[in-house]
Amino acid sequence: MTIDRIILKELLEKGSDADLLREMIAFIADRMMDLDVESFTGAAHGERSPERINQRNGYRQRTWETRAGTVELAIPKLRKGSYFPAFLEPRRAAEKALTAVIQEAYVQGVSTRSVDDLVKAMGMTGISKSQVSRLCADIDERVHAFLERPIEGAWPYLWIDATYVKVREGGRIVSVAVIIAVGVNTDGRREVLGTAVGPSEAEPFWTQFLRSLTRRGLRGVKLVIADAHEGLKAAAAKVLNATWQRCRVHFMRNALAHVGTKQRQMVAAAIRTAFTQESAEAARHEWRAVADRLRERFRKLAELMDEAEHDVLAHMAFPKEHWQQLHSTNPLERLNGEIKRRTDVVAIFPNERAIIRLVGALLLEQNDEWAVQRRYMSLETLDALSDDATRKPRKIAAA
């Protein structure tokens, strides 16, 4: 231990050295591996002990890409069995996907300066096209299997939302929508059902996306929750024959754009009185009353309320226990925020495949997290949505 302290002291005295952090990481990693191997051999390196059960057998060299840069490691080998340090276990799929996308952009020479700086900051030296191809192939296989898996059972609720990213296309940089579909099935479980990249306003794109979900088995959709995309609204009615719920949060933003800054708080409070009603009928009555009171001062706002009434209040035709989750796309807010945080790192994607790779990996991880959480909705409240008249109510004590 005294020798370790001397080495550590020497490293600390090199405070101005640019490689200090990498050397510190290498030193700590070596000590961690030494302690690990001692547990496999039953004795310290070079120690004579009757308790020894295995012998070291040299080292194998490996580079470790860290945020401080590339660290050279000497991993001990054993005469019996094998040893691999736990801290070098494969990274999470999303971390690998982010690295792959950054490297692909860098290798193809289409990245922005911020990505070039990030590659250097991550210490990723010696990147080759073959390395990127191998990493991308592994991730793409997993993501493709996840996004093309069969969709089983009935899914009464479907949330659809979009976030926007930039991609290089035909020598130009364009903005495209990344569409995410999340559903809740009749067992109360929430899952990511699919994703696609394309123009957000085009009805053919939305129709193609929804049909791809139905081909995989999506059925039983009764309510689609999304923003006011006319193309999506038309496609949902045509493909799914489902009721449309306009996201309440997005509607409020659109409505308050017709009101002066000083009046927005008062108008917002007036509109929200419709959302606090105990029944759909009472909510519609209050909605019309509020629109009429505001009509003289805010004519465009009142007309917007007339037009949006059925779409904004559609969720009230469903079990009251579900209203909080159904009135907007807020249940996807955290997921979209994480996607935006990761895609902002890349800035400009080299192609659409890279977008699907990164976003798909994030969705795969989120889906795994949801799988081990408790039900998003209770079985008892979902039974009322079943199309099977002979189905008996289910009661399960624990989710």
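Look up a bit, the structure's there.
Please read these numbers as outputs of a predicted model, since none were measured by experiment.

Calculation criteria
- Residues numbered from 1 in each chain as written.
- Predicted model: local features only at pLDDT ≥ 70, side-chain atom pairs only at ≥ 80, totals over all residues.
- Heavy atoms only, no water.
- Helix = DSSP H or I, 4+ residues; strand = E, 2+ residues; numbered from the N terminus.
- Buried < 20%, exposed > 50% of the residue type's maximum accessible area, 1.4 Å probe, protein only.
- Contact = heavy atoms within 4.5 Å.
- Areas by Shrake-Rupley, 256 points an atom, 1.4 Å probe, with all protein chains shown as cover.
- 1 Å grid on protein atoms, 1.4 Å probe; cavity = no way out; pocket = protein on both sides within 12 Å on 5 of 7 lines; lining within 4 Å.
- Points joined across faces, edges and corners; volume = space filled by probe spheres on them.
- Nonpolar A, V, L, I, M, F, W, Y, C, P; charged D, E, K, R; others polar.
- Phe/Tyr/Trp six-rings, centres within 6.5 Å; stacked < 30°, edge-to-face > 60°.
- Lys NZ or Arg CZ within 6 Å of the ring centre and 35° of its normal.
- Axes fitted to C-alpha atoms, helices over the stretch in contact; angles between N-to-C directions.
- Parallel < 35°, antiparallel > 145°, perpendicular 65-115°, else oblique.
- Left-handed = near helix turned anticlockwise from the far one by under 90°.
- Pairing = 2+ DSSP bridges.
- Salt bridge = Lys/Arg side-chain N within 4 Å of Asp/Glu carboxyl O.
- Right-handed = clockwise from strand over helix to strand, strands pointing away.
- Expected span 1.5 Å × (residues − 1).
- Arc of directions from axis to C-beta.

Attention now goes to the overall build of the protein chain. From N to C terminus, the protein chain includes 15 helices and 8 strands. Put simply, the protein chain has 399 residues, and 47% of those count as buried. Within the protein chain, residue pairs in contact and separated by at least 24 positions form 62% of the contacts whose partners lie at least 6 positions apart. Of the roughly 21600 Å² of accessible surface on the protein chain, a fraction of 50% belongs to carbon and sulfur atoms.

Our next topic: the layout of surface pockets. Put simply, the second largest pocket is a space of about 470 Å³. What lines the second largest pocket is a set of 20 residues, and nearest its centre among them are Leu-147, Glu-148, Thr-195, Ala-196 and Ile-356. Of all elements in the fold, only α5 (129-147), β5 (190-198), α6 (203-215) and α14 (352-371) reach the threshold of two or more residues within the lining of the second largest pocket. Residue contributions to the lining of the second largest pocket peak at 6 residues, all from α6. The class makeup of the residues in the lining of the second largest pocket is 8 nonpolar, 5 polar and 7 charged.

Even without glycine at this site, Asn-241 takes up a positive phi of about 55°. Considering the arrangement of structural elements, one finds Asn-241 in the loop between α7 (230-239) and β7 (243-246).

The next thing to look at is the environment of Glu-169. Relative to the helices and strands, Glu-169 is located in strand β3 (residues 157-169). Along the sequence, Glu-169 and Glu-352 sit 183 residues apart, while their C-alpha atoms lie 8.7 Å from each other.

Further remarks concern the packing of aromatic side chains. In this description, an aromatic ring pair is defined by two values, namely the gap between the centres and the angle between the planes. One pass over the full model with this rule turns up 6 aromatic pairs. When the ring of Trp-159 is compared with that of Tyr-376, the centres are 6.1 Å apart and the planes differ by 80°; the resulting orientation is edge-to-face. With Trp-159 in strand β3 and Tyr-376 in the loop between α14 and α15 (379-382), this pair connects stretches of sequence that are 217 residues apart. Here Trp-159 matches Tyr-376 in class, with each residue buried. Here the basic side chain of Arg-190 rests over the ring of Tyr-376, its NZ or CZ set 4.0 Å away from the ring centre. Just above the ring of Phe-275 sits the side chain of Arg-248; from NZ or CZ to the centre is 4.1 Å.

This paragraph deals with the packing of α6 against α7. With their axes 8 Å apart at the nearest point, α6 and α7 run at an angle of 40° to one another. The angle between α6 and α7 places the two elements in the oblique class. You can see that α6 and α7 cross each other, and the crossing is right-handed. For the pair α6 and α7, the contacting residues are Glu-203, Trp-206, Thr-207, Leu-210, Arg-211 and Thr-214 in the first and Gly-231, Leu-232, Ala-234, Ala-235, Ala-236, Lys-238 and Val-239 in the second. Here the residues of the contact of α6 with α7 are counted per class, giving 7 nonpolar, 3 polar and 3 charged.

Viewed as axis vectors pointing N to C, helix α13 (residues 333-346) and α14 meet at an angle of 150°, and their least axial separation amounts to 10 Å. The pairing of α13 with α14 is recorded here as roughly antiparallel in orientation. Note on packing geometry: the crossing formed by α13 with α14 is right-handed. Where α13 abuts α14, its residues Arg-334, Leu-335, Glu-338, Ile-339, Arg-342, Thr-343 and Val-346 lie against Leu-358, Val-359, Leu-362, Leu-363, Gln-366, Glu-369 and Trp-370. Across the contact of α13 with α14, the residue classes tally to 8 nonpolar, 2 polar and 4 charged.

Pairing between β3 and strand β4 (residues 172-184): 13 bridges, direction antiparallel. Across the sheet, residue Lys-166 finds its bridge partner in β4, namely Ser-175. As consecutive antiparallel partners, β3 and β4 are separated by 2 residues, and within that stretch Gly-170 has a phi angle of approximately 60°, a positive value. The pairing of β3 with strand β6 (residues 223-226) spans 3 bridges and is parallel. What sits directly across from Trp-159, in β6, is Ile-225.

Our focus in this paragraph is the pattern of salt bridges. Per the counting criterion, the structure on display carries 13 salt bridges. For Arg-56, the salt bridge is made with Asp-34, and the minimal N-O distance between the two is 3.3 Å. One end of the pair, Arg-56, is in strand β1 (residues 56-66); the other, Asp-34, is in helix α2 (residues 20-41), and 22 residues separate them in sequence. Judged by relative accessible area, Arg-56 falls into the buried class, the value being 15%. Note that Arg-357 and Asp-140 form a salt bridge whose closest N and O atoms lie 2.7 Å from each other. Taken as a pair, Arg-357 in helix α14 and Asp-140 in helix α5 lie far apart in primary sequence, 217 residues in all.

The next thing to look at is the pairing of β6. Here β6 shows two buried faces, one formed by Leu-223 and Ile-225 and the other by Val-224 and Ala-226. Bridge count between β6 and β7: 4 bridges; the pairing is parallel. Residue pairing across strands places Ile-225 opposite Gln-245, the latter belonging to β7. With α7 bridging β6 and its parallel neighbour β7, the resulting β-α-β unit is right-handed.

Time to look at α13. Because each turn of an α-helix spans 3.6 residues, side chains separated by three or four positions in sequence point in the same direction. With 14 residues, α13 ought to run about 20 Å at 1.5 Å a step, and its terminal C-alpha atoms sit 20 Å apart, in line with that. Listed as buried for α13 are Leu-335, Asn-336, Ile-339, Arg-342, Thr-343 and Val-346. Take α13 and look down its axis: the buried residues cluster within an arc of 130°, on one side only. Exposed side of α13, more than 90 degrees from the buried face: Glu-333 and Arg-334 are the residues found there. Of the residues one or two after α13, Ala-347 is the one with positive phi, at around 75°.

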